[in-house]
Amino acid sequence: MKRQERYDGIIAYFKEAMPTAETELVYTNPFELLVAVILSAQCTDKRVNMITPALFEAFPTAEVMAAASPELLFEYIRSVSYPNNKSKHLASMAKMLVEDFGSVVPDTIDELVKLPGVGRKTANVVASVVYDVPAMPVDTHVYRVSHRIGLVPSTANTPLKVERMLERHIPRDLLSRAHHWLILHGRYVCIARSPKCMTCGIRDYCRHGEKKTALDKG
């Protein structure tokens, strides 16, 4: 199967099976989403959603968070991964947001990555979710699933290479939705250690599924 055929089949399936797909992080404004995405690095959305209500109640704006010490923020986020680093990032990010951006979350990737704790993936998520910027954030789920199902070759061995290739093959107006398709598929179906191939809706277009079918037939 040619790669574009694979893309076309997978995109057609998700457009019908998952017409709306969005982040599972809970937020009410751009600042809260930015904080949540920073916290979600190498951590589950479920865990982040457990701690952000108290965090947002105590620090509802960039100004309030900017006035807080990393040590104080640590007490609210201690159950997420790498809380020491993330508490420092949040404090510094909030200060820069207030001082350099007038407390407004930037709407471009180039400006977002200037913020402490914000890498390209985080910037892409915020820009695509908040400002509807066509983007393909590549997290661990997107990276793994894209390789496993055959959307990218093994030579696409960095998140940026995966991002660029996905952007070449997925229509621009579907990029942000496709990001969530791949994340949710990797989270609930194409699980890292034991993918649910028998009930997978894209098995006919999946490189891993093709191999599994061949093995099952003997």
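Predicted model, so just to flag it, every value in this text is computed and none were measured.

1. Description of the packing of helix α9 (residues 140-149) against helix α11 (residues 175-188)
Thinking step 1. Between α9 and α11, whose axes approach to 8 Å, the crossing angle comes to 85°. In terms of their interaxial angle, α9 and α11 are classed as roughly perpendicular. Residues His-141, Val-142, Arg-144, Val-145, Ser-146 and Ile-149 of α9 form the contact with α11, whose participating residues are His-179, Leu-182, Ile-183, His-185, Gly-186 and Arg-187.
Thinking step 2. Its residues assigned to classes, the contact of α9 with α11 comprises five nonpolar, five polar and two charged.

2. Notes on the packing of aromatic side chains
Thinking step 1. Scanning the entire structure with this criterion turns up three aromatic pairs.
Thinking step 2. Measuring from centroid to centroid gives 5.3 Å for Tyr-13 and Phe-14, while their planes differ by 65°, and the two rings are edge-to-face.
Thinking step 3. Among the residues examined, Phe-14 registers a relative accessible area of 3% and is labelled buried.
Thinking step 4. Ring geometry for Phe-14 against Trp-181: centres 5.6 Å apart, planes inclined by 15°, an arrangement best described as stacked. Remark: Trp-181 occurs in helix α11 and Phe-14 occurs in helix α1 (residues 3-17); sequence separation between them is 167 residues.
Thinking step 5. The rings of Tyr-13, Phe-14 and Trp-181 are connected pair by pair, giving a single aromatic cluster.

3. Here's the deal with the UniProt feature "domain: HhH-GPD" (unreviewed entry) in the protein
Thinking step 1. Feature annotation in UniProt assigns "domain: HhH-GPD" (unreviewed entry) to the following positions: residues 39-188.
Thinking step 2. Along residues 39-188 the backbone is 66% helical and 0% strand, and the end-to-end C-alpha distance reaches 21 Å.

4. A few points about the environment of Asn-157
Thinking step 1. The topology assignment puts Asn-157 in the loop between α9 and α10 (159-169).
Thinking step 2. Separated by 30 residues in the primary sequence, Asn-157 and Arg-187 have C-alpha atoms spaced 21 Å apart.
Thinking step 3. Only 3.1 Å separates the side chain of Asn-157 from the side chain of Lys-161, close enough to count as a polar contact.

What counts, and at which threshold
Going along each chain's sequence as written, the residues are numbered from 1 onward. Side-chain atom pairs in this predicted model are given and counted only at pLDDT of 80 or more, local residue features only at pLDDT of at least 70, and totals for whole chains, interfaces and linings cover all residues. Values shown for side chains rest on all heavy atoms present in the structure; no hydrogens or waters enter the calculation. Axes here mean lines fitted to C-alpha atoms, for a helix over just the part in contact, with angles spanning 0 to 180 degrees between N-to-C directions. Runs of E in the DSSP output that reach at least two residues are strands. Runs of H or I that reach at least four are helices, and both are numbered from the N terminus. The scheme is simple: roughly parallel for angles under 35 degrees, roughly antiparallel for over 145, roughly perpendicular for 65 to 115, oblique for anything else. Between two residues, a contact is recorded if the distance between any of their heavy atoms is within 4.5 Å. Residues were grouped as follows: Ala, Val, Leu, Ile, Met, Phe, Trp, Tyr, Cys and Pro as nonpolar; Asp, Glu, Lys and Arg as charged; and all remaining residues, including Gly, as polar. The criterion for an aromatic pair is that two Phe, Tyr or Trp rings (for Trp, the six-membered ring) have centres within 6.5 Å, with stacked assigned to planes under 30 degrees apart, edge-to-face to planes over 60 apart and tilted to the rest. Any residue under 20% of the maximum accessible area for its type is buried, any over 50% is exposed, and the rest in between are partly exposed; the area is computed with a 1.4 Å probe on protein chains only. UniProt positions are given in the numbering used here, feature names are shortened, and annotations may be inferred rather than shown by experiment. Residues adjacent in sequence count toward polar contacts only when both atoms are side-chain atoms; beyond that, a polar contact is any pair of N or O atoms within 3.5 Å, and within protein one must be able to donate a hydrogen and the other to accept it.

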